[in-house]
Amino acid sequence: MMIISRFLRRGISTASTCATRRSWWDHVTPAPKDPIIAVTEAFLADPFPYKINLGVGAYRDDEGKPVVLQCVREAEGKIAASNFLESTSTAVSSKFVEESAKLIYGQDSNVIKERRFAGIPALSGTGACRLFAEFQKRFYPESRIYLPDPTWSNHRNIWRDVHVPDRTFRYYHPDSKSLNFVALMDDIKNAPDGSFFLLHPCAHNPTGVDPTNEQWREISSLFKAKNHFPFFDVAYQGFASGDVERDARAIRIFLEDGHSIGCAQSFAKNMGLYGHRVGCLSVLCNDKIQAMAIKGQLQQISNTMYGSPPIHGISLASKILSDPDIKAIWLKEVKVMATRIHRMRAILREALERLGSPLNWQHITNQVGMFCFSGLNRAEVYLLAKEFHIYMTPDGRISMAGVTTKNVDYLANSIHEVTTCDQDAKILHNTDAYRINTDIRFTSLGASKSRARGMNLSL
Amino acid sequence: MRHEFTSPSSAADRRLNALIRHLATASIESRTAIAFSPTSGYHGDSVFSHVVSAPEDPILGVTVAYNKDPSPVKLNLGVGAYRTEEGKPLVLNVVRKAEQMLLNDRSRVKEYLPIVGIADFNKLSAKLILGADSPTIQENRVTTVQCLSGTGSLRVGAEFMARHYHQKTIYIPQPTWGNHPKIFTLAGLSVKTYRYYDPTTRGLNFKGLLEDLSSAPSGSIVLLHACAHNPTGVDPTLQQWEQIRQLMRSKALLPFFDSAYQGFASGSLDQDAQSVRMFVADGGECFVAQSYAKNMGLYGERVGALSVVCKTAAVASRVESQLKLVIRPMFSNPPIHGASIVATILKDSNMFHEWTIELKAMADRIVSMRKQLFDALRTRGTPDDWSHITKQIGMFTFTGLNSKQVEFMTREYHIYMTSDGRISMAGLSSKTVPHLADAIHAAVTRMS
């Protein structure tokens, strides 16, 4: 067989000698779709005029439209006017990193004054987490990462791709739909000393459940005792309470306690710079010298992956943070966005209660930030998409930013329908029903029961 | 029980009480995981205390040293970034125009791009490198994903190969861009070299190249510079490319093209794509990393694309789905600004035409610098054959100067270049050529 194929190859005229007869990539299987992005794709494909996208966490105004912040437009205008050259890009990057650090650590933080941090721009939150994961792998090759259960689905992918195994620590209490603080502290205590933990300092994604300040203090003390490394993923500073200082509280608490933390900052949501991929990774150090060493290492990791992040987004964010007038506009706009989301939470909850829903919807207003962990199970999520053209991730996470005064009633009615029309669904609603391949019977707007399986709603 | 306190010490007390509740014992286990921070505690050492300074990137380090030099005659011939006759960076007019158009379009939003980036950009990039009428495009056999410039495209391609390709070795030319081996190694491939540059002729070591590729295991990946080899500026002729193609196809070696200078080398976009198109025309598969850093002057905006040419549309589609899995945990989705500019220019025939003119002007200026430098050395009677300066192509000239000579030129003449003797012709102007010629002359005659 081999001889024949070799003979065949030689027999082909050299003018059109081509590669072997088969593709080298025949064995490549289709990849599973990213669960969050798959939701948007399904939404876009739906022709229903009143469809609602509650998938991706991208802010929408009350018209359901994406928003370009005014502070961003002002910054754009100023940047376009300047003659932008490569030689100034280092200066802009440095300024950006400094301003980002001030934003999260505090304008007057000692960390900044003493230059005790290594910071580099990153490709939004994803990029910052990835750089840190690579750095962690390089200098702690045997280490693991502890992720809260649940967490943003891409966190696992990131640490997996750098070959750092993950463990979870308990976080969300599905029954109370709030923080499982006792279990959380237990898991922190039981992890081996010196473990790496990923923490959401505010507006936990996907649950919207945050520890109180007092709980953060206890977590911080326990971290100290256990010598754990705290890595914060800051994707929503300003979005949780509407106040950037307040939303940084958890980090400030850890700083007060003397932790040398790591921090991934994203400006995707709070500046509306999603597509520009603007973020910052910082690692706190003992001193300036060490900070330089670590920064060099981080830059090297970045250089071998994509070079540096695009200068346009960095310039915008830097302008917004460093120009006092533009920054003032920004802070107001952040408050407006957060306020609208708070309002939608209140309205949605009221609407469900007004409909006489027997279920407890307190968590809608207790939870914080862009997302609400509704407690809807897979069957209900599937039904909402199929029958009501309302799209969310299979775990029942709702992006509140996608809720408007115009669609909130339809949303409430739909949720009410799927959670009360069917007995099985109601029972499942009160239990943890996230298993794949669950066969579920459910009604379809009062019509005959149809049988559906947990579809390809992969996690 | 304690009553309400407001002083800081009571807050600490509360925390201690809480801690006691949670810890079974007060003792702290030995910190095996953090052997490097023995004094951890309240004011503990950073867990990254053991991190040493990384060696400086040799290419970027040149600019750092240059910036520190106060001499008024200093010359930066390090980084391959285009400079005008006045020694200034250049933002192309057509790029400014495109940027302004985007800025003025108030309907534009900044939402996340799809994981693979802007669809238009991807299609147009494929057309640019493969040719607008390439059957691969018509047959949907190529998947193109937007990446961050050449570096990002190489990394994503290499990560994909490390996961899905049966051969994890990539052969890179000797020498090659300093970042190549690092990118491939970190992506999980093992790196070997093939002979490329002949220092005695300052040209291509074609015999060595063919020998080394012949002895590579079947299926190995081979990195090819599409044109304007970096750092040597030495490119195979078309006939030599054809021989390379035949050899590679007969050994089922997988080509990975790095196209960083399309249009920049000869001044013609089509001519500079010939090597790639030759390989694609034979129906075989390959990877192509494209960068718009130089040819569109978009360095800092990190605009590039990775194309994978496959045997069938079905395979291309599956490959694309797997590329997404590489991208999502790396940066989720690519940046919108630079690629929007490129797409705007590529899809508008007038702007495209303008671009080709500005591109040719840059390429022509570089060719002119080559000629001027060659003439200046000849005038000075500098020993040695300097014809390689005009024979080599693209942004760089591999002068043949050794590291001692380079060091001398930096010290005495404030000329900054990489220690391998590579100079960026783009950093020269008619005004500075004499200074460089003087420096080379001195280095060659006074140092060996």
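Residues numbered from 1 in each chain as written. Chains lettered and ligands numbered in written order. Predicted model: local features only at pLDDT ≥ 70, side-chain atom pairs only at ≥ 80, totals over all residues. Heavy atoms only, no water.

Considerations on the packing of helix α6 (residues 149-164) of chain B against helix α7 (residues 179-187) of chain B
Two quantities define a packed helix pair, namely the angle between the axes and the distance from one axis to the other.
All names here are of chain B.
Okay, so step 1: Contact geometry for α6 and α7: axes closest at 8 Å, N-to-C directions at 35 degrees. Classified by chirality, the crossing of α7 by α6 is right-handed. Residues Thr151, Leu154, Arg155, Ala158, Glu159 and Ala162 of α6 form the contact with α7, whose participating residues are Asn179, His180, Ile183, Phe184, Leu186 and Ala187.
Okay, so step 2: A breakdown of the residues in the contact of α6 with α7 according to their chemical character gives seven nonpolar, three polar and two charged. (Axes fitted to C-alpha atoms, helices over the stretch in contact; angles between N-to-C directions. Helix = DSSP H or I, 4+ residues; strand = E, 2+ residues; numbered from the N terminus. Left-handed = near helix turned anticlockwise from the far one by under 90°. Contact = heavy atoms within 4.5 Å. Nonpolar A, V, L, I, M, F, W, Y, C, P; charged D, E, K, R; others polar.)

Considering helix α7 (residues 153-161) of chain A
Okay, so step 1: For α7(A), the set of buried residues is A:Asn154, A:His155, A:Asn157, A:Ile158, A:Trp159 and A:Asp161.
Okay, so step 2: Packing partners of the buried residues in α7(A) comprise α6 (124-139), β3 (145-149), β7 (196-199) and β8 (229-234) of chain A together with α6 and α12 (313-331) of chain B. (Buried < 20%, exposed > 50% of the residue type's maximum accessible area, 1.4 Å probe, protein only.)

Looking at the interface of chain B and chain A
Okay, so step 1: With 96 residues of chain B in contact, the opposing surface of chain A contributes 99 residues.
Okay, so step 2: Seen at the junction of chain B and chain A, the total is five salt bridges.
Okay, so step 3: With its nearest N and O atoms 2.8 Å apart, the salt bridge here joins B:Arg163 to A:Asp161.
Okay, so step 4: Summed over the shared surface of chain B and chain A, the result is 23 residue pairs in polar contact (both at pLDDT 80 or more). (Salt bridge = Lys/Arg side-chain N within 4 Å of Asp/Glu carboxyl O. Polar contact = N/O pair within 3.5 Å; in protein donor to acceptor, adjacent residues only side chain to side chain.)

Topic: the environment of B:Arg195
All names here are of chain B.
Okay, so step 1: Its place among the elements puts Arg195 in strand β4 (residues 190-195).
Okay, so step 2: Each C-alpha atom, one on Arg195 and one on Lys207, is 8.7 Å from the other, the two residues being 12 residues apart in sequence.
Okay, so step 3: Beyond its immediate sequence surroundings of up to four residues, Arg195 is in contact with Asn205, Gly208, Leu209, Glu211 and Asp212.
Okay, so step 4: Polar side-chain contacts of Arg195 include one of 2.9 Å to the side chain of Glu211.

So, the packing of aromatic side chains
Residues and elements named next belong to chain A.
Okay, so step 1: Tallying each qualifying case throughout the model produces 38 aromatic pairs over all chains.
Okay, so step 2: With a centroid separation of 6.3 Å and 50 degrees between ring planes, the pair formed by Phe132 and Phe135 is classed as tilted. Here Phe132 pairs with Phe135, and both are found in helix α6, just three residues apart, close to one helical turn. Side by side, Phe132 and Phe135 carry an identical accessibility label, which is buried. (Phe/Tyr/Trp six-rings, centres within 6.5 Å; stacked < 30°, edge-to-face > 60°.)

Observations regarding the domain arrangement of chain B
All names here are of chain B.
Okay, so step 1: Along its sequence, chain B is organised into domain 1 (58-90 + 363-447) and domain 2 (112-347).
Okay, so step 2: On a C-alpha basis, the centroid separation for the pair domain 1 and domain 2 is 29 Å.
Okay, so step 3: Contact with domain 1, which involves 22 residues of that partner, is made by 21 residues of domain 2.
Okay, so step 4: Summed over both partners, the interface of domain 1 with domain 2 comes to about 1600 Å²; 61% of that surface belongs to carbon and sulfur atoms.
Okay, so step 5: Contact with domain 2 buries surface across domain 1, with Ile393, Phe396 and Phe398 losing the most and accounting together for 34% of the total.
Okay, so step 6: Counting every contact that joins domain 1 to domain 2 gives one salt bridge.
Okay, so step 7: The salt bridge involving Asp384 is made with Arg202; its shortest N-O contact spans 3.1 Å.
Okay, so step 8: The tally of links between domain 1 and domain 2 comes to seven residue pairs in polar contact (both at pLDDT 80 or more). (Domains from an automatic or database assignment. Buried area = accessible area lost by both parts, 1.4 Å probe.)

Section: the sheet that holds β4(B)
All names here are of chain B.
Okay, so step 1: Here we have seven strands laid out as an open sheet, ordered β2-β10-β9-β8-β7-β3-β4, and mixed in their pairing. The two strands at the open ends of the sheet, each matched to only one other strand, are β2 (142-147) and β4. Here the strands of the sheet are splayed against their neighbours by 25 degrees on average, with no regard to which way each runs.
Okay, so step 2: Pairing between strand β8 (residues 254-259) and strand β9 (residues 286-291): four bridges, direction parallel. Within β9, the residue paired with Asp258 across the bridge is Ala289.
Okay, so step 3: Here helix α4 (residues 119-130) sits on the sheet and contacts β2, β8, β9 and β10 (304-309); the angle it forms with β2, its principal contact strand, is near 115 degrees.
Okay, so step 4: Packing against the sheet, helix α11 (residues 274-281) makes contact with β7 (221-225), β8, β9 and β10, and its axis sits at approximately 155 degrees to β8. (Pairing = 2+ DSSP bridges.)

Examining the pairing of β8(A)
All names here are of chain A.
Okay, so step 1: Of all six residues in β8, six are buried, a share of seventy percent or more.
Okay, so step 2: Judged by which residues are buried, β8 turns out to be covered on both faces: Phe229, Phe231 and Asp233 on one side and Pro230, Phe232 and Val234 on the other are all buried.
Okay, so step 3: Strand direction decides the pairing type here: β7 and β8, joined by four bridges, are parallel. The residue bridging Phe196 from the neighbouring strand is Phe229, located in β8.
Okay, so step 4: Direction of pairing for β8 relative to strand β9 (residues 262-266): parallel, over a ladder of four bridges.

With respect to the UniProt feature "domain: Aminotransferase class I/classII large" (unreviewed entry) in chain B
Okay, so step 1: Sites flagged by UniProt as "domain: Aminotransferase class I/classII large" (unreviewed entry) map to residues 74-440 of chain B.
Okay, so step 2: Measuring from the first to the last C-alpha atom of residues 74-440 of chain B gives 14 Å, for a span that is 47% helix and 15% strand. (UniProt positions renumbered as here; feature names shortened; annotations may be inferred.)

Quick notes on the sheet that holds strand β10 (residues 279-284) of chain A
By definition, the strands of a sheet pair up through backbone hydrogen bonds, in either a parallel or an antiparallel sense.
All names here are of chain A.
Okay, so step 1: One open sheet holds the seven strands; their spatial order is β2-β10-β9-β8-β7-β3-β4, and the pairing between them is mixed. For this open sheet the edge positions go to β2 (117-122) and β4 (166-170), each flanked by a neighbour on one side alone. Each strand of the sheet is rotated relative to its neighbour by a mean of 20 degrees, with strand direction disregarded.
Okay, so step 2: Bridge count for β2 against β10 is six bridges, and the pairing is antiparallel. Opposite Pro121, over in β10, you have Cys280 as the bridge partner.

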